[in-house]
Structures are given as structure tokens and as C-alpha cells.
Amino acid sequence: MPTPFWVNEMKINVVQLELKRAYEMELPVEDTPIFIAKQAAPIFCHAIGGKNVEHTAMICLDNANRVINFFTVSIGEINSVKVSLAQMFRTVLLSNASKIMVAHNHPSGVLEVTSNDIELTKKIGFFANAFSMDLIDSLVVTSEDFISIRSQCKEFINGRENSTED
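A brief structural summary. These numbers come from a predicted model, not from an experiment. (Residues numbered from 1 in each chain as written. Predicted model: local features only at pLDDT ≥ 70, side-chain atom pairs only at ≥ 80, totals over all residues. Heavy atoms only, no water.)

## Some remarks on the overall build of the protein
Within the protein one finds 4 helices and 5 strands. The principal-axis extents of the C-alpha atoms in the protein amount to approximately 75 × 35 × 35 Å. Among the 166 residues that make up the protein, the fraction classed as buried is 40%. Within the protein, contacts between residues at least 6 apart in sequence are counted, and of these 63% link residues at least 24 apart. When the 14 basic and 20 acidic side-chain charges of the protein are each reduced to a single mean position, those positions are 6 Å apart. (Helix = DSSP H or I, 4+ residues; strand = E, 2+ residues; numbered from the N terminus. Buried < 20%, exposed > 50% of the residue type's maximum accessible area, 1.4 Å probe, protein only. Contact = heavy atoms within 4.5 Å. Lys, Arg positive; Asp, Glu negative; His and termini not counted. Charge placed at Lys NZ, Arg CZ, Asp CG, Glu CD.)

## Observations concerning unusual backbone geometry
Glycine aside, negative phi is the norm for most residues, and most peptide bonds take the trans geometry. If you check the backbone angles, asparagine 65 has positive phi at about 65° while not being a glycine. For asparagine 65, the location among the structural elements is in the loop between strand 1 (55-61) and strand 2 (67-75). By relative accessible area, asparagine 65 is classed as buried at 4%. One non-glycine residue, serine 132, adopts positive backbone phi at about 60°. Checked against the element boundaries, serine 132 lands in the loop between helix 3 (115-130) and strand 4 (134-141).

## Concerning helix 3
For helix 3, which comprises 16 residues, the first-to-last C-alpha distance of 23 Å matches the rise-based estimate of 22 Å (1.5 Å per residue) to within 8%. Summarising the contacts, the buried residues of helix 3 are in contact with helix 2 (85-95), strand 3 (99-105), strand 4 and helix 4 (149-152). (Expected span 1.5 Å × (residues − 1).)

## Some thoughts on the layout of surface pockets
In this structure, the largest pocket encloses a volume near 970 Å³. Residue lining of the largest pocket: 31 residues in total, with Tyr23, Ile68, Asn69, Phe70 and Phe71 positioned closest to the centre. Those elements that provide at least two residues to the lining of the largest pocket are helix 1 (37-49), strand 2 and helix 2. A per-element tally of the lining of the largest pocket places strand 2 first, with 6 residues. For the lining of the largest pocket, a count of residues per class yields 16 nonpolar, 6 polar and 9 charged. As a volume, the second largest pocket reaches approximately 370 Å³. Forming the walls of the second largest pocket are 20 residues, and the residues nearest its centre are Val81, Val83, Asn116, Asp117 and Leu120. Put simply, the parts of the chain that give the lining of the second largest pocket at least two residues each are strand 3 and helix 3. When the residues that make up the lining of the second largest pocket are grouped by side-chain class, the tally is 7 nonpolar, 9 polar and 4 charged. (1 Å grid on protein atoms, 1.4 Å probe; cavity = no way out; pocket = protein on both sides within 12 Å on 5 of 7 lines; lining within 4 Å. Points joined across faces, edges and corners; volume = space filled by probe spheres on them. Nonpolar A, V, L, I, M, F, W, Y, C, P; charged D, E, K, R; others polar.)

Geometric descriptors of this kind do not, in isolation, establish any biological role.
See below:
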């Protein structure tokens, strides 16, 4: 009787993806659920607002809008940052997040939403929606202040009409 084809031996690598905590960050904000940009802005202003090159960062949230973690998605140049959506959503999925809030800083201190900011926010919203997650908002921050891209964009982002709350 011949040996079945599936009996031949083969070795393959078995892998496991996981997040690893790099460090803890203490913030001058209350430990409360985050529902709107105004609640998340202090975290982003503190973490990336004062950087001298553009940074993009993200907060992952659970179903109850509690912060799971903070992640610096990318670090760019003085006036631009390239965002890897694959890297961003890899982190979101490994965090088991159901909602996200993203932000990037403007080292110039000018809180102005650009067409590139809106386009990137739409892409992030599209992918969040594809993974059944909510993009709460996308912010532009400095060390002192912020502006909500959702409140500035008159189109739909993530399948929902824009909120004007910030």
C-alpha cells in the first residue's frame, strides 16, 4: 500500500504576532473614556505636539472608549510625514481596538487642515470601516492647541456625517 501524499514531512515556521509595551507615559489628563477630540487632544499635544519634525500617532480604544494604548505610527520631516496604513492597522488589530483616534503635529505651530490631511483621514476612515472599527477623529496638534479634521471636513469620513464637537 503506497504512503499517502500528506505523510511526507515538511517543517515550516510557526509565528506569533504580539504587541510589546515599550514604556509607560504619564499624562496630565484624567483616566476617562474618550468620545470627542477635546478629550484626546491633551494626550497628543503632550506626546507629539512639541516635536520639531512631523509625527503621526494614534490612540487605540476599546468598546467603552477607554484607552488601550498609544502608538507613534511614523516620524517624518519638518513639513511632512509618510504614514504606513499597514503599520497603523497592524497595531490596531493586535491591540484588539474597536475605535481609534489619530493625530499629527505641525512643527510650524500653524493649526491649518490641508487637503493632504483630509485625504489621509479619508483613507484611514476607509480602512477603519473595512475592519468594522470607528475612526473617532483625526487631529492636527501643537504643544498648546489642536484642530479637528472631522470638524473641518464637510464630507463624510468613515461612513458617518461629521461631528462638529471638539
